[in-house]
Amino acid sequence: MLKHSFIHIPRIGKLTESKIWQSGIRTWEEAQEISSYKSFGIPELLLQSYLDDSFKALENRDFAFFNKLLPTSETWRLYPQFSYTSNLRVAYLDIETDGSNIGLDSITVIGVFDGINVKQYIQGYNLKDFADDIEEYDLLVTFNGKLFDIPVIESAFYKIRLPKAHIDLRFVLRQVNLKGGLKYIERQTNLAREQDELGQLDGYDAVFLWRLHKQGDSRALPTLLRYNAEDIVGLKPLLELACNRLVQNLPLDLPSLPISNRIIPNINYYPELIEKLKLWRQSFV
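The paragraphs below set out a description of the structure included in this document.

Basis of the calculations
Residues numbered from 1 in each chain as written. Predicted model: local features only at pLDDT ≥ 70, side-chain atom pairs only at ≥ 80, totals over all residues. Heavy atoms only, no water. Salt bridge = Lys/Arg side-chain N within 4 Å of Asp/Glu carboxyl O. Helix = DSSP H or I, 4+ residues; strand = E, 2+ residues; numbered from the N terminus. Buried < 20%, exposed > 50% of the residue type's maximum accessible area, 1.4 Å probe, protein only. Pairing = 2+ DSSP bridges. Axes fitted to C-alpha atoms, helices over the stretch in contact; angles between N-to-C directions. Polar contact = N/O pair within 3.5 Å; in protein donor to acceptor, adjacent residues only side chain to side chain. Contact = heavy atoms within 4.5 Å.

**Looking at the pattern of salt bridges**
Point 1. Counted according to the given criterion, the structure contains 16 salt bridges.
Point 2. A salt bridge links Glu 186 to Arg 262, with the nearest nitrogen and oxygen atoms 3.1 Å apart. Separated by 76 residues along the polypeptide, Glu 186 in helix H9 (residues 182-188) and Arg 262 in the loop between helix H13 (235-248) and helix H14 (271-282) bring together distant segments of the chain. Both residues of the pair, Glu 186 and Arg 262, belong to the buried class.
Point 3. Measuring nitrogen to oxygen at the nearest pair gives 3.1 Å for the salt bridge that ties Arg 262 to Glu 230. Here Glu 230 lies in helix H12 (residues 220-233) and Arg 262 lies in the loop between H13 and H14, a separation of 32 residues in the sequence. There is no split in this pair, since Arg 262 and Glu 230 are both buried.
Point 4. Via salt bridges that share partners, Lys 14, Glu 17, Glu 74 and Arg 77 belong to a single interconnected network.

Laid out in structure tokens, this is it:
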């Protein structure tokens, strides 16, 4: 999809890009063979310059180049390149906090799913290891991470080097009319977590679970970790679904991505504790 994209070039929006495709120009290579772009209102030097830079960035795996130029809602175009290239690593990421959102101590858990395995970084255990480990990845995928997870992480870790490419699924899913919270969207798309009671929790419950953990409840941390893991393992199939729906709306003959099966994290949790959380919330209604 990336080599079919022109929307990252200045002065090219969705309408102009669509006109380019409809004229029969579907790839960067085909665009380089055209001598005039007057019918699209694009200066030839501008387009050729950005095409040259695009080829170089792709060859050098400089995905920051595209991430900077693509609109937030169009960063999904990076993903097919990653899915077909085995040596590119994707980090599906979500954080939990204690509710204060101030400094490193506010982060209680960072979960990272690499498409196969879940790794979690926990306050008081291995949280500081996250800063080194995340440098191994080429792409971040989050849900609402641009507004929450990433700013919190960047304020907590001094000079952390996060992957320069980032897909925020919240904005991508809006393009296919999937809006609302993550769990709600999962249910809409039949990609809901198998354990429904975990899908009823939210960020406020995560804060309370951490408080119970600090108070000595041995059930709280495993339940919090399972909640966090469920959030990140669901991002991969949702992204693949979104990519397929978006590609179907384009005048391009591109193959669909296979939709990954949602894995079940191997982390025990305590349903009775979730019932306790429900009662606690009801007491505030």
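**Focus on the sheet that holds strand E2 (residues 107-113)**
Point 1. Sheet architecture is open: 5 strands sit in the order E3-E2-E1-E4-E5, paired in mixed fashion. Only two strands of the sheet have a single partner each, and these edge strands are strand E3 (118-122) and strand E5 (165-168). Taken pair by pair, the neighbouring strands of this sheet meet at an average axis angle of 25°, ignoring direction.
Point 2. Here strand E1 (residues 90-97) runs beside strand E4 (residues 139-142); their pairing, made up of 3 bridges, is parallel. The residue of E4 that forms the bridge with Tyr 92 is Val 141.

**Remarks on the side chain of Ser 5**
Point 1. Residue placement: Ser 5 occurs in the segment before helix H1 (14-22).
Point 2. According to the relative accessible area criterion, Ser 5 is buried, its value standing at 0%.
Point 3. At a separation of 3.0 Å, a polar atom in the side chain of Ser 5 contacts the main-chain carbonyl oxygen of Met 1.
Point 4. With residues near it in sequence (within four places) discarded, Ser 5 still touches Glu 17, Trp 28 and Arg 77.

By themselves, these figures tell us nothing about what the structure is for.
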